[in-house]
Amino acid sequence: MDLSAPVGMSRRHFAQHLLASAATIPALEFISHVKAHAADLKKKQKACILMWMSGGPPTIDIWDLKPDSKNGGEFKPIGTKGDLQISELMPKTAGVMNNLSVVRAMSTREADHGRGRYYMHTTFVPNPTVVHPAFGSVVSYELAPKRKELEIPSFISIGGGGVSPGYLGMTHSPFLVDASGRISNTELGDLGADRLNQRLAMHSTLEDNFIRSDRGEAGAAHKEIYKKAVSLMQSEQMTAFKIDQESKETLELYTGSPARGGAMGGGGQFGRSLLMARRLVEKGVPFVEVDFGGWDLHSNVFNTLKNQHLPSLDAGIAALTTDLKQRGLFDDVVVVWMGEFSRTPRINKDVGRDHWANSWSVMIGGGGLKGGQAIGETDADGVSVVSSKSYQPGDVWATVAHALGIPLDRVHKSKNGRPMKLANGGTAIQELI
């Protein structure tokens, strides 16, 4: 199992189905049906937006500063609208921290990029005998069947690769798009409705025969993906990817001052991706992951944070929180910020920080969770959790499941029939609920 290789459903993967549909499948009366139900899509639908910081961000410089320690680095803490302090380079976020909380007592056990990514996404440590689903796939599996009007994929990953859906199947794979939101090969061209209907009908007959031949679950999964692909081509909901339809003021709110460099920092790509995420959850997508890469800061950590990453991060988090609140969505949408681990309190000879999983922070808010708090505590040098309880990824995702209305006693089954507890049996963080 290659843990470093992201697993998801790419545009190319979908495009293969789209090309097949143009050659063989039925046309349906999609658009009128979708428009008739569009108003219902915005009503009280739970969702989660994961801000994934690929590479492992130094949370000691962002959420849990130690100004009196030799480990403290160059930045100072500032007060916020909540009952906690954060980095002075996050002034816009400080203004909305009464809505967000920081779990400062994360203590995990995987300080390798691939294994940490898997652990934080799935709540399970890697195991060669089973591929666990990303929690986005779990949310898709639990909530998507209740959203019959949703014609676009129920788990979308922007700018990254996501993690495998594991035993929940390809239907719940993350659908991968880049920060531009442009998805090619999703137009029908000059293919008329009659010809499309004929081809879809022919394809459906062939596919049904294949499924009835009892060749495993792959056939049924393929049919579901195929159905989504056809819907994707014709759905009005595709406009959710078009952030250029937003006003100039909204775009500026999310992008702030253009930052320089960084995998997602350049020109405010992180902010634009968050804006797309807001548009997607507004359409009914239950889980969206936004990848902000470039946090593997073994050298030059402070200059990179100050001049590249934190301006984009600050503008993006503040804008998303403000926008969701103004639209009445914040109590239904959980926002989570985290990476695969953090970075060492000790500053190395290259003025960088190395991998560290012993004591670090995750930010979480929305979905009816309590904001403005620091949950747990690390020692004066940031080396250890000193509060009575530390937290694991299962506790974070159990909190999200609670906010989304997914029962915490839910048990799924692996391919070999082994029962798998939701969030690996994690417990919702009581201070947040």
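Because the structure is predicted, anything quoted here is derived from the model rather than measured.

### Quick word on the overall build of the protein chain
A count of helical and extended segments in the protein chain gives eleven helices and 14 strands. For the protein chain, with 433 residues in total, the buried portion stands at 56%. In the structure as shown, the protein chain presents an accessible area of about 17700 Å², 49% of it carried by carbon and sulfur atoms.

### What about the environment of Tyr391?
Mapped onto the elements, Tyr391 comes out in the loop between strand E12 (374-375) and helix H11 (393-404). Taking C-alpha positions, Tyr391 is 9.2 Å from Thr427, a pair spaced 36 residues apart along the chain. Not counting residues within four places of it along the chain, the set of residues in contact with Tyr391 comprises Val103, Ala105, Met106, Ser107, Thr108, Ile375, Ile429 and Glu431.

### Some thoughts on the nonpolar core
Of all hydrophobic cores here, the largest spans 56 residues; its most connected members are Trp63, Leu280 and Leu313. Of all elements in the fold, only strand E1 (47-53), strand E4 (100-106), strand E5 (155-158), strand E6 (175-177), helix H9 (269-283), strand E7 (287-291), helix H10 (301-326) and strand E8 (333-339) reach the threshold of two or more residues within this core. Per-element accounting of this core gives the leading share, nine residues, to H10. Among all residues touching Leu313, those that are not within four sequence positions of it are Met53, Ile62, Met90, Thr93, Phe270, Phe292, Trp295 and Trp337. Among the nonpolar cores identified, the runner-up in size contains 42 residues, and Val138, Phe155, Phe287 and Trp397 belong to it.

### A look at the side chain of Ser101
Relative to the helices and strands, Ser101 resides in strand E4. In this structure the side chain of Ser101 is engaged in a polar contact, spanning 2.9 Å, whose partner is the backbone oxygen of Lys370. Ignoring any residue separated from it by four or fewer positions in sequence, one finds Ser101 in contact with Val362, Met363, Ile364, Lys370, Gly371, Gly372, Gln373 and Leu432.

### Considering unusual backbone geometry
If you check the backbone angles, Thr123 has positive phi at about 80° while not being a glycine. The residue Thr123 is located in the loop between helix H4 (113-122) and helix H5 (135-143) in this model. Classification of Thr123 by relative accessible area gives buried; the value is 2%.

### Describing the packing of helix H8 (residues 248-255) against H9
Following both chains from N to C, one finds H8 and H9 inclined at 120°, their axes separated by 7 Å at the closest point. Relative to H9, H8 is oriented oblique. Considering only the axes of H8 and H9, their crossing is right-handed. Residues Thr250, Leu251, Tyr254 and Thr255 of H8 form the contact with H9, whose own contacting residues are Gly271, Arg272, Leu274, Leu275 and Arg278. Considered class by class, the residues forming the contact of H8 with H9 number four nonpolar, three polar and two charged.

### What about H10?
Compared with an ideal rise of 1.5 Å per residue, which puts 26 residues at 38 Å, H10 spans 35 Å between its outermost C-alpha atoms and is within 8% of the ideal. The largest bend in H10 amounts to roughly 50° and is located at His309, with the proline Pro311 lying one to four residues further along. The first or second residue beyond H10 is Gly328, which carries a positive phi of 75°.

### Here we look at the pattern of salt bridges
Across all of its chains, the model carries 17 salt bridges by this definition. Across the pair Arg353 and Asp61 runs a salt bridge whose closest N-O atoms are separated by 2.9 Å. Taken together, the residues span a long stretch of sequence, with Arg353 in the loop between strand E9 (342-343) and strand E10 (355-356) and Asp61 in the loop between E1 and strand E2 (77-79) at a distance of 292 residues. An identical accessibility class is assigned to Arg353 and Asp61; each is buried. Two residues, Asp323 and Arg278, come together in a salt bridge whose shortest N-O distance is 2.7 Å.

### What to know about the packing of H9 against H10
Where H9 meets H10, the axes come as close as 8 Å, and the angle between the chain directions of the two elements is 20°. Regarding the angle of H9 to H10, the classification is roughly parallel. Note on packing geometry: the crossing formed by H9 with H10 is right-handed. On H10, the residues that touch Phe270, Gly271, Leu274, Leu275 and Arg278 of H9 are Ser312, Leu313, Gly316, Ile317, Leu320, Asp323 and Leu324. Classifying every residue of the contact of H9 with H10 gives seven nonpolar, three polar and two charged.

Calculation rules
Residues numbered from 1 in each chain as written. Predicted model: local features only at pLDDT ≥ 70, side-chain atom pairs only at ≥ 80, totals over all residues. Heavy atoms only, no water. Helix = DSSP H or I, 4+ residues; strand = E, 2+ residues; numbered from the N terminus. Buried < 20%, exposed > 50% of the residue type's maximum accessible area, 1.4 Å probe, protein only. Areas by Shrake-Rupley, 256 points an atom, 1.4 Å probe, with all protein chains shown as cover. Contact = heavy atoms within 4.5 Å. Core = buried A, V, L, I, M, F, W, Y, C linked by side-chain atoms within 4.5 Å. Polar contact = N/O pair within 3.5 Å; in protein donor to acceptor, adjacent residues only side chain to side chain. Axes fitted to C-alpha atoms, helices over the stretch in contact; angles between N-to-C directions. Parallel < 35°, antiparallel > 145°, perpendicular 65-115°, else oblique. Left-handed = near helix turned anticlockwise from the far one by under 90°. Nonpolar A, V, L, I, M, F, W, Y, C, P; charged D, E, K, R; others polar. Expected span 1.5 Å × (residues − 1). Bend = angle between axes of the 7 residues up to and from the residue. Salt bridge = Lys/Arg side-chain N within 4 Å of Asp/Glu carboxyl O.

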